[in-house]
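In case you want the letters, here they are:
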Amino acid sequence: MAGLLSVAIPGGAVHAAPESRSLDSVVKAIKKQFAKQSSVRFSVKRRGGPPPTSDMKASGAYRFRASGVYAADTTTISQEPEGTGRSRGISIGRDFYSQAYVRSKDGKYVWKSPSTVGKWEAGRNFAGVIWGEDLINGINPGFLKLVTSHGATSSDGGTFEGVRTTLHSGTVTVPGLDERQAGMYFRTEEEEGASWNEPITWKLWVGPDNLPRRFHAIMRFTSKYTGDEVETMTMNIIYRGWGTPVRITAPPKHLVVSFW
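Throughout this description, residue numbers start from 1 for each chain and increase along the sequence as written. In view of the model being predicted, local features appear only for residues whose pLDDT reaches at least 70, and side-chain atom pairs are presented and counted only at 80 or more, with totals across whole chains, interfaces and linings using the full set of residues. Excluded from the side-chain calculation are hydrogens and water; included are all heavy atoms of the structure.

**Details of the environment of threonine 232**
Strands here mean DSSP runs of E at least two residues long; helices mean DSSP runs of H or I at least four residues long; both are numbered from the N terminus. Within the secondary structure, threonine 232 sits in strand E14 (residues 229-240). When accessible area is computed with a 1.4 Å probe and restricted to protein chains, residues below 20% of their type maximum are described as buried, those above 50% as exposed, and intermediate ones as partly exposed. Residue threonine 232 is classed as partly exposed on the basis of its relative accessible area of 25%. Between the C-alpha atoms of threonine 232 and glycine 48, which are 184 residues apart in sequence, the distance is 5.9 Å. When near neighbours in sequence (up to four residues on either side) are disregarded, threonine 232 contacts Arg47, Gly48, Gly49, Ile218, Met219 and Arg220. Working rule for contacts: check all heavy atoms of both residues, and any pair within 4.5 Å makes them a contact.

**Remarks on the confidence of the model for the chain**
In predicted models, pLDDT denotes the confidence assigned by the predictor to each residue on a 0 to 100 scale. With 85% of its residues at a pLDDT of 70 or more, the chain has an overall mean of 86. Within the model, the stretch residues 1-20 combines pLDDT values under 50 with 70 contacts to residues more than four positions away or in other chains.

**A look at the environment of threonine 166**
Relative to the assigned elements, threonine 166 resides in strand E9 (residues 163-174). Here threonine 166 falls in the buried class, since its relative accessible area comes to 0%. Residues threonine 166 and asparagine 210, 44 residues apart in the sequence, show an inter-C-alpha distance of 8.2 Å.

**Comments concerning the packing of aromatic side chains**
Stacked, tilted and edge-to-face are the three classes applied to pairs of Phe, Tyr and Trp rings, where Trp contributes its six-membered ring and a pair requires centres within 6.5 Å; stacked means planes under 30 degrees apart, edge-to-face means over 60, and tilted covers the rest. Counted under the stated rule, the structure contains seven aromatic pairs. Centroid distance tyrosine 101 to tyrosine 109: 5.2 Å. Interplanar angle 90°. Geometry classified as edge-to-face. Judged by relative accessible area, tyrosine 109 falls into the partly exposed class, the value being 33%. A ring pair is formed by phenylalanine 143 and phenylalanine 215, whose centres lie 5.7 Å apart and whose planes are at 85°; its orientation type is edge-to-face. Taken together, the positions of phenylalanine 143 in helix H2 (residues 141-149) and phenylalanine 215 in strand E13 (residues 212-223) put the pair 72 residues apart, joining distant regions of the chain. Taken together through their ring pairs, the aromatic side chains of Phe34, Phe64 and Trp242 make up a single cluster. Lysine NZ or arginine CZ positioned within 6 Å of the ring centre and within 35 degrees of the ring normal marks a charge as sitting over the ring. Seen from the ring of tyrosine 185, arginine 180 lies directly overhead, with NZ or CZ sitting 4.9 Å from the centre.

**Side note on the pairing of strand E8 (residues 153-160)**
The pairing criterion is simple: DSSP has to find at least two bridges between the two strands. When E8 meets E9, the two strands line up antiparallel, connected through six bridges. Note that in E9 the partner of aspartate 156 across the bridge is threonine 166. Linking E8 back to E9 in an antiparallel pair, the connection comprises two residues, with glutamate 161 at a positive phi of about 50°.

**Quick notes on the nonpolar core**
A general tendency of soluble globular proteins is for nonpolar side chains to be buried together. One finds Tyr62, Ile136, Ile139, Phe143, Ile200, Phe215 and Met219 to be the most contacted residues of the largest nonpolar core, which totals 43 residues. Here the element with the most residues in this core is helix H1 (residues 23-35); it accounts for six residues. Once residues within four sequence positions are removed from consideration, isoleucine 200 is found in contact with Ile136, Phe143, Gly170, Thr171, Val172, Val174, Leu177, Ala217, Ile218 and Met219. For the purposes of this section, nonpolar cores are sets of buried Ala, Val, Leu, Ile, Met, Phe, Trp, Tyr and Cys residues that join through side-chain atoms within 4.5 Å. Residues Ala71, Tyr97, Trp120 and Val246 belong to the second largest nonpolar core, which totals 10 residues.

Okay, here's the thing in structure tokens:
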């Protein structure tokens, strides 16, 4: 379940950009947070994309370890054909817990999992849930290394939520784009019979500490043969509270009803 709306940056006086203008410095700052086993809160809005994607908004928090995201708690609201969908997923190491439903305009549950609202399904993490180096996200070192290799520009980003920022931006074309529960991700190899080029136009605002504050991406699904634009997806992510203590815990055992 997914979708995104762009969020305007609040206005304000233009300030000189922070000294470092390198994405390498951003990657270093993020990995330092990983090493500290720190955390960050986030909110996402996404709009458009090829079927069966749907507009969505999500919010939650990430907990880190040296290798990256270790735990995540995400609540997603999406607009489905049958009504409004709501899901929540908690991932802690190899353990994953989820609950979801779709509710129609008249308040009836069109679909729910588990069958009892308020209960949770549980199991071991699988590829779709796990954070990876292929996710399109402003705090993913794998994505930042990809865009650095294809050229990025840096400029004064003004202020965002009272913080001076540097704006990094660019465009990268990848062999493919897709979605899993952890988010949108890119492919690095051409698939046989693939008929699309997928350019990603991105912007990343970072503070004086080189930590991301806002990430904006436009993903276009374009035919390799005709060049016609088929679908466009817009994604905006806000990061807040770097280093603020976050607790991500498993649901109470009596609310867990099934295992995969």
